[in-house]
Amino acid sequence: MSKTTVASTGIDLSDTFAFTGTVTGTDLVKLSTVDASDSATVNFDNTVVTSSFVNYVIKYSRVVPETDETTLNFMLSSNNGSSFTGNTKKGEDYNNLSSSASGPQQASGSNNGTIVLGYQDDGTDGCAGTILVNGLNSSGYKYVDYRHIYRHGGGSDFYIVSGGAVFENTSAFNYIRLASSSGDIESGKFTLYGEKA
């Protein structure tokens, strides 16, 4: 029997029915998914990065670089990918999951608005992580929180990195790019979510 409304007694999920309504009250909205396959870059342009959302979340999994010992680079643009500019400051803590090695790392400079993540192996394990960009469309500096797990390039140890960064650019950004520091992204899934105010 088909259900068109939800009764106070609940809903029978063993039945088959079409959903035609809307869900309200959700703050995180899935906007786009890219399955990389020998891709030079993974891009989210101004058709999905809009002023409708305050913050953006990128989740990525099983990202395998074509070239060993390369980094995953995260970039922002204010002109829909025509250029990537601005200084960044980054601080992070790393933990070697194969030993007790751990510690802080810091980097900054004029690097075309790029945050460098990990130093990964080109094996099938790939890397995975989450990036949260706060106030992407705001007129102030942009803050980024990230968590990245990977197998170290040229070795067998696994690392997890938790960090934060500042994009020293006051323009509203409307474009996100992820790319390998050398060669293509052989495979991997990237999903972009928007968070409402």
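Since we're looking at a predicted model, the values are computed, not measured.

Basis of the calculations
Residues numbered from 1 in each chain as written. Predicted model: local features only at pLDDT ≥ 70, side-chain atom pairs only at ≥ 80, totals over all residues. Heavy atoms only, no water. Helix = DSSP H or I, 4+ residues; strand = E, 2+ residues; numbered from the N terminus. Buried < 20%, exposed > 50% of the residue type's maximum accessible area, 1.4 Å probe, protein only. Contact = heavy atoms within 4.5 Å. Pairing = 2+ DSSP bridges. Axes fitted to C-alpha atoms, helices over the stretch in contact; angles between N-to-C directions. Polar contact = N/O pair within 3.5 Å; in protein donor to acceptor, adjacent residues only side chain to side chain.

Novice: What's the story with the overall build of the protein chain in this structure? I'm lost.
Specialist: Within the protein chain, the secondary structure is distributed over zero helices and twelve strands. Beginning at the N terminus, the succession of helices and strands in the protein chain can be written as β-β-β-β-β-β-β-β-β-β-β-β. Burial status across the protein chain gives 38% buried among its 197 residues. Of all intrachain contacts in the protein chain linking residues separated by at least 6 positions in sequence, the fraction that spans at least 24 positions is 76%.

Novice: When you look at the sheet that holds strand E2 (residues 42-44) in this model, what are you seeing that I'm missing?
Specialist: In sheet architecture, strand pairing relies on hydrogen bonds along the backbone and comes in two forms, parallel and antiparallel. Spatially, the four strands line up as an open sheet ordered E2-E11-E4-E7, and their pairing is antiparallel. Both outer strands of the open sheet, E2 and strand E7 (114-120), are each paired with one neighbouring strand and no more. Mean inter-strand twist for the sheet, computed between neighbouring axes without regard to direction, equals 15 degrees. Both strand E4 (residues 70-77) and strand E11 (residues 175-180) contribute to a ladder of six bridges, which runs antiparallel. Bridge assignment links Leu-72 to a residue of E11, and that residue is Ser-180.

Novice: Could you clarify how one ought to interpret the pairing of strand E12 (residues 185-195) in this entry?
Specialist: A regular strand places its side chains on the two faces of the sheet in alternate fashion. In terms of strand pairing, strand E1 (residues 28-39) meets E12 through ten bridges, oriented antiparallel. Bridge pairing in E12 places Lys-30 opposite Tyr-193. Sheet topology note: the strand E3 (residues 55-65)/E12 ladder contains nine bridges and is antiparallel. Opposite Tyr-60, over in E12, you have Phe-190 as the bridge partner.

Novice: How should I be thinking about the environment of Phe-167 in this particular structure?
Specialist: Structurally, the position occupied by Phe-167 is in strand E10 (residues 158-168). A relative accessible area of 1% places Phe-167 in the buried class. Through-space distance from the C-alpha of Phe-167 to that of Thr-88 is 4.7 Å; in sequence the pair is 79 residues apart. Residues in contact with Phe-167, not counting those within four places in the same chain, are Phe-74, Leu-76, Asn-87, Thr-88, Gly-113, Thr-114, Ile-115, Tyr-141, Lys-142, Val-144 and Phe-173.

Novice: Would you mind showing me how to read the environment of Thr-124 here?
Specialist: Along the chain, Thr-124 falls in the loop between E7 and strand E8 (127-134). Using a relative accessible area of 71% as the deciding quantity, one classes Thr-124 as exposed. Along the chain, Thr-124 and Pro-65 lie 59 residues apart, while their C-alpha atoms are 9.2 Å from each other. Residues contacting Thr-124, with those up to four places away along its chain left out, are Arg-62 and Val-64.

Novice: Where do I start with the side chain of Ser-39 in this structure?
Specialist: When you line up the elements, Ser-39 lands in strand E1. A polar side-chain atom of Ser-39 sits 3.0 Å from the main-chain amide nitrogen of Ser-37.

Novice: What exactly am I supposed to notice about unusual backbone geometry here?
Specialist: Peptide bonds are trans in most cases, and residues, glycine excluded, mostly fall at negative phi. Phi is positive for Asp-38, close to 50 degrees, though the residue is something other than glycine. Relative to the helices and strands, Asp-38 is located in strand E1. Assessed through its relative accessible area of 48%, Asp-38 is described here as partly exposed. We note that Asn-80 has phi near 55 degrees; this positive angle belongs to a residue other than glycine. The class for Asn-80 is partly exposed, based on a relative accessible area of 30%.

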